[in-house]
Structures are given as C-alpha cells and as structure tokens.
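Geometric and topological summary
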Amino acid sequence: MNPMGRDGAVRAAGVVVFTGPPGRERFLLLRNPLHREWGFPKGHLEEGEEDLAGALREAREETGIEEIEIEPGFRVEIRYPVLRGGRGRVGEAGLEKKVVYFLGRSPGEAHALSAEHDRSEWFTPSQALGRLKHGNLRAVARRAAAHLRRAARTKVR
C-alpha cells in the first residue's frame, strides 16, 4: 500500500547512512537491479507511519543495520513524478512522490544486502555523487556531506 499525504503525494522516507571518522565519512549506496541505479535506503511509508520511523524501518529492512544514530538538524525532502503502474510517460496519469531523507551514522560497515538490491557499497561523498544518476539524489548527498563538514568543525571548537 502506498499511503498518500494530505497533498496527494505518495509518501516515502529514507536514510543517508554513513560511517567513518569526521572528514573521512563514507555513504552506503544500494543498487536497484531493475534500473541499475544507485540510491540511499528508502521506501514507502506504512499507513499512519511517521517519516523518521519509516525511514529507520526501511534502512533496517534494506541494510540489516539495527543501530543507526540520526544526526540532529538534517531533514531533506525531495519530490518527483512517478507513473501509475509503471506505464506511460512522466506526467501522463502520474503521481508525485515525496521522499524525506534523514542522515544517520552506522556503527561500522557491516550490513546485509536485501533481496530488493543487487549491490551495495560504501563510497566517499565525491564517489557517491558520481554514482547517483538523479540530480535530486545528488543534491541530498551534497547537503549530507556539507552537514557532516559543519558538524565536524563544530566538534573541533
């Protein structure tokens, strides 16, 4: 089931999962076997589920990482058109999807690949930008990297 928000958009949420010491963080990307595109762990929200709860549930289901520490102050929303039933052209009887991303630290690199994906890999932020096909996901990665740089500067002081 794809619950819709009050605005009619299909709701989803995800986590930009990272690990590593300040200044040397790496992002976990998962590859969709159908489209052969890399992305962050995410998925549709369940009926009545809040964004953060759904994001953490999806990250656990898709990575097997049980303990993800959410970084305060990072919440990015993206929107894009999707097709009903996967047929037709964008904008043709389509819907809008709203995905809210959070930023979360993994205690290490260990994870388990779900059946939804055929590959997973840890990438530096610049490597992740090169793997992400869609501009809105690259923007999320850039904002996540900038947030981590600011957090590292704040902790040094």
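Residues numbered from 1 in each chain as written. Predicted model: local features only at pLDDT ≥ 70, side-chain atom pairs only at ≥ 80, totals over all residues. Heavy atoms only, no water.

Topic: the nonpolar core
Counting 22 residues, the largest nonpolar core has Val16, Phe27, Phe40 and Tyr101 as its most contacted members. At the level of secondary structure, the elements contributing two or more residues to this core comprise β1 (10–19), β2 (26–32), β5 (69–82), β6 (95–105) and α3 (135–156). With 6 residues, α3 is the largest single contributor of residues to this core. Counting 14 residues, the second largest nonpolar core, distinct from the first, contains Leu28, Ala55, Leu56 and Trp122. (Core = buried A, V, L, I, M, F, W, Y, C linked by side-chain atoms within 4.5 Å. Buried < 20%, exposed > 50% of the residue type's maximum accessible area, 1.4 Å probe, protein only. Helix = DSSP H or I, 4+ residues; strand = E, 2+ residues; numbered from the N terminus.)

Describing the environment of Leu28
Examined against the element boundaries, Leu28 turns out to sit in strand β2. The buried category is assigned to Leu28, whose relative accessible area is 0%. On a C-alpha basis, the gap between Leu28 and Pro125 in space is 9.8 Å, while along the polypeptide they are 97 residues apart.

Focus on helix α1 (residues 51–63)
With 13 residues, α1 should cover 18 Å at 1.5 Å per step; its first-to-last C-alpha distance of 18 Å lies within 8% of that length. When α1 is considered as a whole, its buried residues turn out to be Asp51, Gly54, Ala55, Leu56, Arg57, Glu58, Ala59, Glu62 and Thr63. Among the residues trailing α1, Gly64 stands out with phi positive, at a value near 75°. (Expected span 1.5 Å × (residues − 1).)

Considerations on the confidence of the model for the protein
Looking at the protein, pLDDT values average 90 and 89% of them are 70 or higher. Every residue in residues 87–92 is under pLDDT 50, and counting partners more than four places away or in other chains gives 6 contacts. (pLDDT = per-residue confidence, 0-100. Contact = heavy atoms within 4.5 Å.)

Quick notes on the packing of aromatic side chains
For the structure shown, the criterion picks out 3 aromatic pairs. Pairing Phe27 with Phe40 gives two aromatic rings, centres 6.4 Å apart and planes at 80°, and the pair type is edge-to-face. You can see Phe27 sitting in strand β2 and its partner Phe40 sitting in the loop between β3 (37–39) and β4 (42–44), a full 13 residues away along the chain. Each member of the pair, Phe27 as well as Phe40, carries the same accessibility label: buried. (Phe/Tyr/Trp six-rings, centres within 6.5 Å; stacked < 30°, edge-to-face > 60°.)

Here's the deal with the environment of Leu29
Structurally, Leu29 is set in strand β2. Take Leu29: its relative accessible area is 0%, and that puts it in the buried class. Sequence separation of Leu29 and Ala128 is 99 residues, and the distance between their C-alpha atoms is 7.5 Å. Leave out the neighbours within four places in its chain, and Leu29 touches Trp38, Gly39, Phe40, Arg119, Ser120, Glu121, Phe123, Ala128, Arg131 and Leu132.

Looking at the side chain of Glu62
Here Glu62 lies in helix α1. At 6.9 Å, Lys42 is the nearest oppositely charged side chain to Glu62, a buried residue that forms no salt bridge. (Lys, Arg positive; Asp, Glu negative; His and termini not counted. Salt bridge = Lys/Arg side-chain N within 4 Å of Asp/Glu carboxyl O.)

Some points on the pairing of β2
Taken across its 7 residues, β2 has 5 buried, putting it largely inside the fold. Judged from the 2 bridges that link them, β1 and β2 form a sheet pairing that is antiparallel. Counted as the bridge partner of Thr19 is Arg26 from β2. Counting the residues that bridge the hairpin from β1 to β2 gives 6 residues, and of these Gly20 lies at a positive phi of roughly 110°. Sheet topology places β2 next to strand β7 (residues 119–123); 5 bridges connect them, and they run antiparallel. In the strand pairing of β7, Arg31 is matched with Arg119. Where β2 meets β3, 3 bridges bridge the pair, whose relative direction is antiparallel. Bridged to Asn32 within β3 is Glu37. (Pairing = 2+ DSSP bridges.)

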